[in-house]
Amino acid sequence: MTKEEFTKMKQELEAEYLAIFKKTVAMHEVFLCRVAAHPVLRKDLNFHVFLEYNQDLSVRGKNKKEKLEDFFKNVVKSADGVLVAGVKDVDDFFEHEKTFLLEYHNRVKDASAKSDRMIRSHKNAADDINRIASSLYTLGTQDSTDLCKFFLKVSELFEKTRKIEARVAADEDLKLADLLKYYLRESQAAKDLLYRRSRALVDYENANKALDKARAKNRDVLQAETSQQLCCHKFEKISESAKQELIDFKTRRVAAFRKNLVELAELELKHAKGNLQLLQSCLGVLKGNT
Amino acid sequence: MADTVRDPPPDGTDFHELEDGEELFPEPAAAPEESQPASLPAEDISTNSNGPKQDLLFDDDPEDLFAEATEEVSLDSPERDVLLSDGPSPAITPITPPTSVITPRIGHAHDDMFTHSSFDEIEEEEGGDSFDIHISVSDPEKVGDGMNAYMAYKVSTKTSMLLFKQKDFSVKRRFSDFLGLHSKLASKYLHVGYIVPPAPEKSIVGMTKVKVGKEDQSSNEFVEKRRSALERYLMRTVKHPILLKDPDVLQFLESSELPRAVSTQALSSAGLLRMVNKAADAVNKMTIKMNESDAWFEEKQQHFENLDVQLRKLHASVESLVCHRKELSVNTAQFAKSAAMLGNSEDHTALSRALSQLAEVEEKIDQLHQDQANGDFYLFSELLGDYVRLLTAVKGVFEHRMKTWQKWQDSQMLLQKKREAEAKLQFTNKPDKLQQAKDEIKEEIEELEGKVQQGERDFEQISKTIRKEVSRFEKERVRDFKMIIVKYLESLVLTQQQLIKYWEAFLPEAKAIS
């Protein structure tokens, strides 16, 4: 490989690395801000340690056993979820949320997948422009006619526009695709919350039924009563916090979408304008020469 | 038809081709014949005067197998077609410096023509002329049914050149007509060194789809691709000053009925003949070792080889770009739909509206990408494809030069052998057979000397022609590339401007989310 090809490749790799780095950093930031903004989670000791401890946190990854446990838990949860989902909720708010979240989650999943595909095609097109630029460069150096300067200028132009196109793809990725991915997971988390609440509701109703049965048989009434109290308490607590969380979720979602969509539009504009300027100046030079 | 008279006179070496086609037409009885130079015969050139000469020429040129092929076509109207597609006879023309220039100036002193001895001067004069001819291929129409169906294209010519009878006319042609035109031109001009633009390629798959009658996207695209390729082919052919005046070209553009070019069918006998020829040529190319006395040719051949490699690479990259942009357009459309659905299910009204706006923007952008992909293709990619094919024609011309040299060398060697045989005869002891044998050998030697001279002349001529053609080709290439690339960049500018418009419209919507 010639020196220039080598430097070019190095630059490309650096740009790619930078893009991925930006993405990861943004994700982390969003996560930490979320935790900090939450009234309960922000008080968590683990969180404080994470933020303040100025030496290496030795975090152990999940070993095989724990991974297997997680896997089984997921299976059980999904089976249970199906059962629990059938239960009709008295509370309108939660009923509405359930239907909404289900639909929303599916659509976000779809949108996220499609936006990923779109961005990948964009990157492919940018790569092609890169190859075209280098072909034009070789053509320009080989040609002995007027065309050589022409080709070299156009090759230079394509190099620059390709960089911009690649940046457009990266920004779209950052602002749009990541947003959708994040809300995919958020909506999943919200769904999980609702599931837990439904679980608690089912437990509460079961406890009620058990209490009635115990009262009828006049056996273990006290035990049934305490368990029913517990379930009721749990259910009400979870309902309350769930309501708050879901409302927060909505506000957060709206704010995040707004921020990202605005930034997306601004970046697209910036890049399009930059591209336009490059193209126009190159055209001016080419037309001036001919 | 008046076309019969277009044939240049077979006699006289110092003639020039028709300057004013009109003058030779039999209809205007008061044709200004006085302004014709003396060497031009009366208007109706009978075929007979051409007949014997033709046979000789046919026999003389064993490698011009196309000559036989064109005879097949001439079955319907032997008179006209034999004249028009009479292969070798225009070969006579380039021997003298091409003084053949179209001048629409009627009645100008043709003495001007005689004094123009260099091609460059002629080119300047042409530049002064308005080279004003514009051909468009349009309105593809399916004619017929089932497997015998074909697409007929309308070929419209607008011109102010007096070579043509009218200023504005159109005819209907089908694809095999174009191929037939190309094969006729190739048989006439390639072996004397003119770069004949190649016709668009046959595509059995594409045509079968059209024949079957599927009115879908891909067959429409195929027809559009072909139409555009045919238009470019015709424009390139008429840009060549010699080819423009060729009677076959004129007949193609003007006459309403054209004999069916059967020899272009893939499975015809002529098609098989072509394949055999190609194989023979490939073998020949490897066996001919030429002493290149002229460095110019070597340099040019190398240059064209490099150019070929580079253009192919570039073409591949551009095709890949077209493909990815089309993909991008499809994916953007899908994303737009998905975003619209998301907006629908979103219950916060402002956000919902913003998401639908986003969906709309993306839909418009997808259309933009589609248009850009088409621009990429029709402007850039097809230009490159055309030039890759043109370069094969250029290389073919160089090969013909080698073959001409080979022929010359062969006849020289034969002459040498005969001379040696003659010398040997001097020393034999059979006096009775001697005289007869000596006479025979003398005849053969004379004939061979003539051939050697002819071969040398041919070689010089083809070398000269190639030089001119190559310089014309390079000029064209520079012009074409500059023009197309500027157009392409302009299309990119348009795309970016549209993008800016769309995103600027979206931004306030996004900001409006509360």
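Quick caveat, the model's predicted, so the values are computed rather than measured. (Residues numbered from 1 in each chain as written. Chains lettered and ligands numbered in written order. Predicted model: local features only at pLDDT ≥ 70, side-chain atom pairs only at ≥ 80, totals over all residues. Heavy atoms only, no water.)

A. Structural context of the interface of chain B and chain A. The partner chain A presents 60 residues to the 54 residues of chain B that form the contact. Roughly 5,400 Å² is buried in total at the junction of chain B and chain A, and carbon and sulfur atoms are behind 72% of that figure. A salt bridge links Asp347 of chain B to Lys250 of chain A; the shortest N-O distance between them is 3.7 Å. The interface formed by chain B and chain A contains 15 residue pairs in polar contact (both at pLDDT 80 or more). Elements represented by at least two residues in the side of chain B that touches chain A include exactly α12 (295-345), α13 (349-426) and α14 (431-511) of chain B. Residue classes in the side of chain B that touches chain A are distributed as 28 nonpolar, 15 polar and 11 charged. (Contact = heavy atoms within 4.5 Å. Buried area = accessible area lost by both parts, 1.4 Å probe. Salt bridge = Lys/Arg side-chain N within 4 Å of Asp/Glu carboxyl O. Polar contact = N/O pair within 3.5 Å; in protein donor to acceptor, adjacent residues only side chain to side chain. Helix = DSSP H or I, 4+ residues; strand = E, 2+ residues; numbered from the N terminus. Nonpolar A, V, L, I, M, F, W, Y, C, P; charged D, E, K, R; others polar.)

B. Spatial organisation of the environment of Ala149 of chain B. Residues and elements named next belong to chain B. Checked against the element boundaries, Ala149 lands in the loop between β1 (133-143) and β2 (150-159). For the pair Ala149 and Val212, spaced 63 residues apart in sequence, the C-alpha separation works out to 8.5 Å. Other than its neighbours up to four places away in sequence, Ala149 contacts Lys142, Val143, Gly144 and Lys211.

C. Layout of the pairing of β2 of chain B. All names here are of chain B. The buried count for β2 comes to 7 of 10 residues, which makes it a mostly enclosed element. The pairing of β1 with β2 spans 9 bridges and is antiparallel. Residue Val137 lies in a different strand from β2, and its bridge partner there is Val155. Between β1 and β2, which pair antiparallel and follow one another directly, the connecting turn spans 6 residues, one of which, Gly144, has a positive phi of 85°. Sheet topology note: the β2/strand β3 (residues 168-174) ladder contains 7 bridges and is antiparallel. Looking at the pairing, Lys154 lines up with Lys172 of β3. (Buried < 20%, exposed > 50% of the residue type's maximum accessible area, 1.4 Å probe, protein only. Pairing = 2+ DSSP bridges.)

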